[in-house]
Amino acid sequence: MPRAELPAEGQALFEAVQDALLRLELDTGEHQGLQLRGLACMSGCGRACTVTLQAQGKFTYYFGDLAGDAETATQVIACAQLHHQSSDGNLARNTRPERLRSGILARLPPVGQEAA
């Protein structure tokens, strides 16, 4: 099947994260303050299947080379929860779930924060 006819890995991951968040909400009654947004393109073609974690006043993380499967979705949500719970959004490599320890494309400081 030509590549253009195959579903994008990013779309598969987006749907897997949606499903995992729905299960979390059904199981716990909440989604831990997380909001999911899908974008058709994040310009990560060379390292496709990307995810960005961002929040006001926190570091932004941009990950690539992810798999579009349920296990990655679970780990993306776990990492997003760590980001949400962190006061500044800083995510040390060894605290991130395994599939988000590598593949980091960028770590951007909060808007308005002085560079160190």
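Details of helix 2 (residues 70-85)
Counted at 1.5 Å a residue, the expected span for helix 2 with its 16 residues is 22 Å, and the 23 Å between its end C-alpha atoms agrees. Residues Thr72, Ala73, Gln75, Val76, Ile77, Cys79, Ala80, Gln81 and His83 constitute the buried set of helix 2.

Things to note about the nonpolar core
With 21 residues, the main nonpolar core has Leu13, Val17, Leu53, Phe63 and Ile77 as its most contacted residues. Where this core is concerned, the elements lending two or more residues are helix 1 (9-28), strand 1 (51-53), strand 2 (60-63) and helix 2. With six residues, the top contributor of residues to this core is helix 1. Once you skip the residues sitting within four places of it in the chain, Ile77 turns out to touch Val17, Ala20, Leu21, Leu24 and Leu34.

Notes on the state of the cysteines
Per the stated rule, a full pass over the model turns up zero disulfides. We note that Cys45 lacks a disulfide partner, and the nearest cysteine sulfur, in Cys41, lies 5.2 Å from it. Assessed through its relative accessible area of 66%, Cys45 is described here as exposed.

Topic: the sheet that holds strand 2
The sheet built from three strands is open, its strands ordered 1-2-3 with antiparallel pairing. The open sheet has two edge strands, strand 1 and strand 3 (104-108), and neither has a second partner. Neighbour to neighbour, the strand axes of the sheet diverge by 10° on average, direction disregarded. Pairing analysis gives three bridges linking strand 1 to strand 2, with the strands arranged antiparallel. Bridging from a neighbouring strand, Val51 pairs with Phe63 of strand 2. Docked against the sheet, helix 2 engages strand 1 and strand 2, running at close to 20° with respect to strand 1.

Focus on the pattern of salt bridges
Where charged atoms from two side chains of opposite charge come close, those side chains can pair. Under the defined criterion, the tally for this structure stands at two salt bridges. Its salt-bridge partner being Asp65, residue Arg47 comes within 2.5 Å of it at the nearest N-O pair. Highlighted residues: Arg47 in the loop between helix 1 and strand 1 and Asp65 in the loop between strand 2 and helix 2, separated in sequence by 18 residues.

Some words on the confidence of the model for the protein
With 84% of its residues at a pLDDT of 70 or more, the protein has an overall mean of 86. Across the protein, the secondary-structure element scoring lowest on mean pLDDT is helix 1, at 85, and the one scoring highest is strand 2, at 96.

Observations regarding the packing of aromatic side chains
One pair of aromatic rings is described through two measures. These are the centre distance and the angle between the planes. Enumeration over the complete set of coordinates arrives at one aromatic pair. Seen in terms of ring centroids, Tyr61 and Phe63 are 6.0 Å apart; in terms of plane orientation they differ by 10°. Their pairing is stacked. A cation sits over an aromatic face here: Arg107 above Phe59, 3.8 Å from the ring centre.

Parameters and conventions
- Residues numbered from 1 in each chain as written.
- Predicted model: local features only at pLDDT ≥ 70, side-chain atom pairs only at ≥ 80, totals over all residues.
- Heavy atoms only, no water.
- Helix = DSSP H or I, 4+ residues; strand = E, 2+ residues; numbered from the N terminus.
- Expected span 1.5 Å × (residues − 1).
- Buried < 20%, exposed > 50% of the residue type's maximum accessible area, 1.4 Å probe, protein only.
- Core = buried A, V, L, I, M, F, W, Y, C linked by side-chain atoms within 4.5 Å.
- Contact = heavy atoms within 4.5 Å.
- Disulfide = S-S within 2.5 Å.
- Pairing = 2+ DSSP bridges.
- Axes fitted to C-alpha atoms, helices over the stretch in contact; angles between N-to-C directions.
- Salt bridge = Lys/Arg side-chain N within 4 Å of Asp/Glu carboxyl O.
- pLDDT = per-residue confidence, 0-100.
- Phe/Tyr/Trp six-rings, centres within 6.5 Å; stacked < 30°, edge-to-face > 60°.
- Lys NZ or Arg CZ within 6 Å of the ring centre and 35° of its normal.

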